[in-house]
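Below, each chain spelled out in residue letters.
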Amino acid sequence: MTTNIKSIFGSLEKFSNNVALYDDEKNIYFYKDILEFEKKFKYLKKTKSLIIIICQNNFDTICAYVSFLRLNQAVFLLNDQLDELYILNIINKYKPKYLFFPKEFNNKKIKKNYEIEKKFKKSFFYKIKKKTNYQINKELALLLMTSGSTGSPQTVRLSNLNLISNTRSIADYFKIKKKDKTITTLPMSYTLGLSIINTHLIRGASITLTDFSIVQKQFWNLINDNKITTFTGVPFTFETLKKIISVKNHFSSLKYITQAGGKLSKDLVEYFFKFFKKKKIKFFVMYGQTEACARMSFLNYKKIRLNPESIGEVIPGGKFSIVDDKGLKINKVNVSGELVYTGDNVSLGYAAGYKDLIKKDENNKVLKTGDIAYRNKKNLFFITGRKKRIIKINGIRINLDSIENKFKKENLDCICTGKDDKLEIYCIKSKFSDRIFEKIISKLKIRQSNYKLSFINKIPRNQSGKIMYKNLTI
């Protein structure tokens, strides 16, 4: 791997007089304000240290993130909605030298081991009282947690090269310029939310920082008042948006909208493609994982009408291949196997604690995605399910995602989990749920002894809208 590669934000000086950030309080910040913030931490450049940031969509957090990366620190981003004990456990595992926390996070156990070094408008900067004694790989730039929807989240190690390659690839594809404006719809600790921030900052564009959701009037007011040109959502964003969207919504400034963070149903892809087309807004479907620094493919809006279920084609600089159970490449079209991605944006590997921060690249630019997919004659890729979301019933492979989609097409909210010979189905009760359920099960030819049906009041989701299968309760 290339050594001493420049920070992703190494060229912000040329945008000094551009507007970088707007916030909910109608404050306006320029790039020179971010650079001025960095000066308070110049002394950090002498030694590479781990810094944990509890993220909020505000000026302090963005400045801290950008400054620490520019100063060659290793940064670990955590969601401010995480349980306090969970955060303390991460601190114990990783033993960061510094913490950048919101003022409201006032924990006595933190103050026992850390002392306040700097105070800001909405945040504190802490330094550990005892000397840390571990090494950090000089290529390591960022630690991010996966969504952990089907199990415990993992911590991904990302390098400067990972960040730069993916960010430039996406910024180039969408031709992001200084005049472009985006708005936060996701936490910045979530890989997709962070990708939006990265791609706009490296081009001198502006970002409106907000915690308002798409169901709130204030969110749409910000889009209109700040003349937002683009925003991004996960599947749950668009599921919600369909319920509230109206032709009365003002979209005059929006140029394109992107979706990633999970597979959007065919019906919703088609719906939003048609809706946005009438508004002269381009709609792009994208696919990615934290392990690849956010995004790996895009489905161009011109190809959506004929291929609504596709994740599209690989991003510039990347490569997709399909492999069988033995790891051998499948060259035939329309034959399913595991989707494998190759590119400079593939992470260094995982970490479980401070001892792993010295580790080198364990992936060698190759990522086994764990997704089952195939490609068609036009070299577009289609995902049919997760490798770990497959069980066997009486020796026959059952794709849990495929079953969920069958229920979804019948407008029934059901999610599936289970193990071999036992399918577990969790369903939200509706007027016709029993009849629809029996219809689908009979088509699947699954015996009653091989499945269990439970009714639930709400489908558990994390902050990015992904289903939390491990949190299922009756």
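The rules behind each value
Residues numbered from 1 in each chain as written. Predicted model: local features only at pLDDT ≥ 70, side-chain atom pairs only at ≥ 80, totals over all residues. Heavy atoms only, no water. Patch = residues over 30% accessible without salt bridge, like charges linked within 9 Å, V, L, I, M, F, W, Y side chains within 5 Å. Areas by Shrake-Rupley, 256 points an atom, 1.4 Å probe, with all protein chains shown as cover. Salt bridge = Lys/Arg side-chain N within 4 Å of Asp/Glu carboxyl O. Lys, Arg positive; Asp, Glu negative; His and termini not counted. Charge placed at Lys NZ, Arg CZ, Asp CG, Glu CD. Helix = DSSP H or I, 4+ residues; strand = E, 2+ residues; numbered from the N terminus. Buried < 20%, exposed > 50% of the residue type's maximum accessible area, 1.4 Å probe, protein only. Axes fitted to C-alpha atoms, helices over the stretch in contact; angles between N-to-C directions. Left-handed = near helix turned anticlockwise from the far one by under 90°. Contact = heavy atoms within 4.5 Å. Nonpolar A, V, L, I, M, F, W, Y, C, P; charged D, E, K, R; others polar. Expected span 1.5 Å × (residues − 1).

Caption draft 1: The arrangement of a positive patch on the surface in detail. On the surface, a cluster of positive charge is contributed by Lys-175, Lys-177, Lys-179, Lys-282 and Lys-302. Position of Lys-177 among the secondary structure elements: in the loop between helix 5 (160–173) and strand 10 (181–183). Look at Lys-177 and you get partly exposed, because its relative accessible area is 43%.

Caption draft 2: Broad picture of the packing of helix 1 (residues 31–38) against helix 2 (residues 59–70). Contact geometry for helix 1 and helix 2: axes closest at 9 Å, N-to-C directions at 65°. Read as a crossing pair, helix 1 and helix 2 show a hand that is right-handed. Only Phe-59, Asp-60, Cys-63, Ala-64, Val-66, Ser-67 and Arg-70 of helix 2 make contact with helix 1, whose side of the interface consists of Asp-33, Ile-34, Leu-35, Phe-37 and Glu-38. Counted by class, the contact of helix 1 with helix 2 contains seven nonpolar, one polar and four charged residues.

Caption draft 3: Geometry of helix 9 (residues 266–278). With 13 residues, helix 9 extends 19 Å between its outermost C-alpha atoms, agreeing within 8% with the 18 Å of an ideal straight helix rising 1.5 Å per residue. Those residues of helix 9 that fall on the buried side of the exposure criterion are Leu-268, Val-269, Phe-272, Phe-273, Phe-275 and Phe-276. Next to the buried residues of helix 9 lie helix 8 (235–244), strand 13 (256–259) and strand 14 (282–287). Looking one or two residues past helix 9, Lys-280 carries a phi angle of roughly 60°, positive in sign.

Caption draft 4: Molecular detail of unusual backbone geometry. The backbone of Lys-26 shows a phi angle near 65°, a positive value even though the residue is not glycine. Within the secondary structure layout, Lys-26 lies in the loop between strand 1 (19–23) and strand 2 (28–30). By relative accessible area, which is 77% here, Lys-26 ends up exposed. The phi dihedral of Lys-227 is positive, around 50°, even though this residue is not glycine. Classification of Lys-227 as exposed rests on a relative accessible area of 54%.

As far as function goes, none of this settles anything; it's purely spatial.
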